[in-house]
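Chain residues, written in single-letter form:
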Amino acid sequence: MAAEAGMLELPFTCDEQLTRRMRLRFQSLQQKNGRPQDGEKLLRPNEHIYRVDFIQQHKLRFLRWDVQLDRPGKVTVTGTSQHWTPDLTHLMHRQLLEPVGIFWKKLGAKEVECNEADAQEFGERIAELAQIRKVMYFLLTFTGGLEPAQLKASIVFKV
């Protein structure tokens, strides 16, 4: 949690079980020569499902992202709509939210960079969605050689 009073820091946690289940769906379709449902989003090898558990849902005001990358590369954070219930339905492209948060670290850089305007808008949207969701799922795409073990990310709200 954020050390400062009046702040709530919520970590992004890799949902390995859900990521594995979604990869099995892809493998199953391949083995059966099957086709995904119209508009279904299948996970690529560099994509993982993360979650944020909202221990408080109301009166959250987005403050900032806290993203740390251990090495150069890029991570794209895409939110999912409240209509996706992973235990009941497959992830559909229409359930992926915009804007996305794109965070990167250049070779030799110490700080992680992002598109500030999109990151701000995305954070504010998450604060709104938190009012109706106890858990929110995210699709994280790792590129430039970056892997999940090299990411530490959280979202900070004013409460």
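Residues numbered from 1 in each chain as written. Predicted model: local features only at pLDDT ≥ 70, side-chain atom pairs only at ≥ 80, totals over all residues. Heavy atoms only, no water.

Across its full length, the chain holds 2 helices and 9 strands. Ordered by position from N to C terminus, the α and β elements of the chain give β-β-α-β-β-β-β-β-α-β-β. For 159 residues, the compact-globule formula gives about 15 Å, and the C-alpha radius of gyration of the chain, at 16 Å, lands near that figure. Taking the principal axes of the C-alpha coordinates as reference, the chain spans close to 55 × 40 × 25 Å. Relative to its 159 residues, the chain shows a buried fraction of 42%. Nonlocal contacts in the chain, meaning residues at least 24 apart in sequence, comprise 79% of its contacts between residues at least 6 apart. When the accessible surface of the chain is summed, it comes to about 9,300 Å², and 49% of that surface belongs to carbon and sulfur atoms. Separation of charge centres in the chain, based on 23 positive and 20 negative side chains, amounts to 4 Å. (Helix = DSSP H or I, 4+ residues; strand = E, 2+ residues; numbered from the N terminus. Rg over C-alpha atoms; globule rule 2.2 N^0.38 Å. Buried < 20%, exposed > 50% of the residue type's maximum accessible area, 1.4 Å probe, protein only. Contact = heavy atoms within 4.5 Å. Areas by Shrake-Rupley, 256 points an atom, 1.4 Å probe, with all protein chains shown as cover. Lys, Arg positive; Asp, Glu negative; His and termini not counted. Charge placed at Lys NZ, Arg CZ, Asp CG, Glu CD.)

Another point: the sheet that holds strand β6 (residues 101–105). On the basis of which strands lie adjacent, the open sheet formed by 6 strands has the order β2-β3-β8-β5-β6-β7 and antiparallel pairing. Single-partner strands in this sheet number two, and they are β2 (13–14) and β7 (113–114). Pairing between strand β3 (residues 47–53) and strand β8 (residues 135–143): 7 bridges, direction antiparallel. In the sheet register, His48 faces β8, and the bridge partner there is Leu140. (Pairing = 2+ DSSP bridges.)

As a further point, take helix α1 (residues 16–31). If you check α1, its first and last C-alpha atoms are 22 Å apart, about what 16 residues at 1.5 Å a residue would give, namely 22 Å. Of the residues making up α1, those classed as buried are Leu18, Thr19, Met22 and Leu29. Seen end-on, α1 carries its buried residues on one side only, within an arc spanning 110°. In α1, the exposed positions angled more than 90 degrees off the buried face are occupied by Glu16, Gln17, Arg20, Leu24 and Gln31. As for α1, its buried residues are in contact with β3 and β8. Once α1 ends, the next one or two residues include Asn33, with phi positive near 55°. (Expected span 1.5 Å × (residues − 1). Arc of directions from axis to C-beta.)

With antiparallel pairing, the 3 strands of this open sheet are ordered in space as β1-β9-β4. In this open sheet, the two strands that pair with only one neighbour each are β1 (7–11) and β4 (61–69). Across the sheet, the mean angle from the axis of one strand to that of its neighbour is 20°, orientation sign disregarded. The pairing of β4 with strand β9 (residues 151–158) spans 8 bridges and is antiparallel. The residue bridging Asp66 from the neighbouring strand is Ser154, located in β9. (Axes fitted to C-alpha atoms, helices over the stretch in contact; angles between N-to-C directions.)

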